[in-house]
Amino acid sequence: MFFASTQTPPAQQQLGPVESFFAQYGLLLLLLALIVFMFWSSRRRAQRMKVEQEKKQQAMVPGVKVLLQGGLYGTLVSFDAEDLSLPAVVEIAPGVPIEVHSQAVLRVVEPEEPTLTEDDFIESDSDQAAVDPEPGLTSGAADAQPDADDKPKG
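Before going into details, it helps to say that this report is about the structure given with it. (Residues numbered from 1 in each chain as written. Predicted model: local features only at pLDDT ≥ 70, side-chain atom pairs only at ≥ 80, totals over all residues. Heavy atoms only, no water.)

Describing the overall build of the protein
At step 1: Of the regular secondary structure elements, the protein holds 3 helices and 5 strands.
At step 2: Residue pairs at least 24 apart in sequence account for 34% of intrachain contacts in the protein once pairs closer than 6 positions are excluded.
At step 3: Looking at the protein as shown, the accessible area adds up to about 13,900 Å², and 59% of this sits on carbon and sulfur atoms. (Helix = DSSP H or I, 4+ residues; strand = E, 2+ residues; numbered from the N terminus. Contact = heavy atoms within 4.5 Å. Areas by Shrake-Rupley, 256 points an atom, 1.4 Å probe, with all protein chains shown as cover.)

Put into structure tokens, the structure is as follows:
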């Protein structure tokens with residue numbers, strides 16, 4: 001009878017009042033904290049989205065370039081921010097207006113700054129080189145060259 005044991009189990013360790021509280025209610029407290037965090041984060045995200053939506057509606061004025069959810073770019077002709085059930089009119093080409101659902105406007109397209117290409121950079125560099133500096137002025141590179149009376153110190 002190897003399976004039967006005549007030994008009594010070791011005595012249960014006595015837990016203090018704080019340890020016994022967390023042993024009984026620790027998981028419940030952890031779940032409660034997780035639920036509070038979920039509500040807090042979802043509310044914060046909703047507030048952020050509301051602020052974004054308000055900024056988007058303020059930027060939606062006729063004449064601004066917009067991107068539609070279908071990937072089309074166009075110029076906004078009319079948009080009613082108060083009544084979103086009315087369609088927005090977007091001109092996708094000169095003389096080609098289309099009506100779309102007002103929420104189909106994904107975002108307002110910000111005008112891009114012109115990027116400087118390599119050819120433009122070379123042209124601007126050659127334009128600056130063609131301008132003669134004032135007489136008597138030298139560049140910093142000429143100052144780096146030693147003169148004849150400069151002798152190395154040794």
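That shown, we press on.
Notes on helix α1 (residues 17–59)
Residues lying three or four places apart along an α-helix face the same way, a consequence of the helix completing one turn every 3.6 residues.
At step 1: With 43 residues, α1 extends 60 Å from end C-alpha to end C-alpha; this agrees with the ideal 63 Å at 1.5 Å per step.
At step 2: Approximately 60° is the largest bend angle found in α1, and it occurs at Tyr25. (Expected span 1.5 Å × (residues − 1). Bend = angle between axes of the 7 residues up to and from the residue.)

Quick notes on a nonpolar patch on the surface
At step 1: Taken together, the side chains of Val18, Phe21, Phe22, Tyr25, Leu28, Leu29, Leu32 and Val36 make up a nonpolar region of the molecular surface, amounting to roughly 780 Å² of accessible area.
At step 2: Its place among the elements puts Leu28 in helix α1. (Patch = residues over 30% accessible without salt bridge, like charges linked within 9 Å, V, L, I, M, F, W, Y side chains within 5 Å. Salt bridge = Lys/Arg side-chain N within 4 Å of Asp/Glu carboxyl O.)

Concerning the packing of aromatic side chains
Each pair of aromatic rings is reported with the distance of its centres and the angle of its planes.
At step 1: All chains considered together, the criterion is met by 3 aromatic pairs.
At step 2: Aromatic pair Phe21 and Tyr25: ring centres 5.2 Å apart, planes at 50°, arrangement tilted. Of this pair, Phe21 and Tyr25 both sit in helix α1, separated by 4 residues, roughly a single helical turn.
At step 3: Taking the relative accessible area as the measure of exposure, Phe21 reaches 40% and is therefore partly exposed.
At step 4: Seen from their ring centres, Phe37 and Trp40 are 6.0 Å apart, and the 40° between their planes marks the pair as tilted. In this pair, Phe37 and Trp40 are both assigned in helix α1, 3 residues apart and thus about one turn of the helix distant.
At step 5: The exposure class assigned to Phe37 is partly exposed, which follows from its relative accessible area of 48%. (Phe/Tyr/Trp six-rings, centres within 6.5 Å; stacked < 30°, edge-to-face > 60°. Buried < 20%, exposed > 50% of the residue type's maximum accessible area, 1.4 Å probe, protein only.)

Quick look at the side chain of Lys56
At step 1: Locating Lys56 in the fold gives a position in helix α1.
At step 2: One buried charged side chain, Lys56, makes no salt bridge at all; its nearest oppositely charged neighbour is Glu52, positioned 8.8 Å away.
At step 3: Those residues in contact with Lys56, other than ones at most four positions away along the chain, are Val105 and Leu106. (Lys, Arg positive; Asp, Glu negative; His and termini not counted.)

Re the environment of Ile92
At step 1: Tracing the backbone shows Ile92 in strand β3 (residues 88–93).
At step 2: Take Ile92: its relative accessible area is 35%, and that puts it in the partly exposed class.
At step 3: For Ile92 and Leu76, which are 16 residues apart along the polypeptide, the C-alpha to C-alpha distance reads 8.8 Å.
At step 4: Apart from the residues within four sequence positions on either side, Ile92 is in contact with Tyr73, Gly74 and Ile98.

Examining the sheet that holds β3
At step 1: Within the open sheet, the 5 strands sit side by side as β4-β3-β2-β1-β5. Their pairing is antiparallel. Edge positions in the open sheet fall to β4 (96–100) and β5 (105–108), since each of these has one partner strand only. Here the strands of the sheet are splayed against their neighbours by 45° on average, with no regard to which way each runs.
At step 2: Relative to β4, β3 runs antiparallel, the two being bridged by 5 bridges. In the strand pairing of β4, Ala93 is matched with Val96. (Pairing = 2+ DSSP bridges. Axes fitted to C-alpha atoms, helices over the stretch in contact; angles between N-to-C directions.)

Looking at the side chain of Ser102
At step 1: As for its placement among the helices and strands, Ser102 is situated in the loop between β4 and β5.
At step 2: At a separation of 2.6 Å, a polar atom in the side chain of Ser102 contacts the main-chain carbonyl oxygen of Leu84.
At step 3: Once you skip the residues sitting within four places of it in the chain, Ser102 turns out to touch Phe79, Leu84, Leu86 and Ala88. (Polar contact = N/O pair within 3.5 Å; in protein donor to acceptor, adjacent residues only side chain to side chain.)

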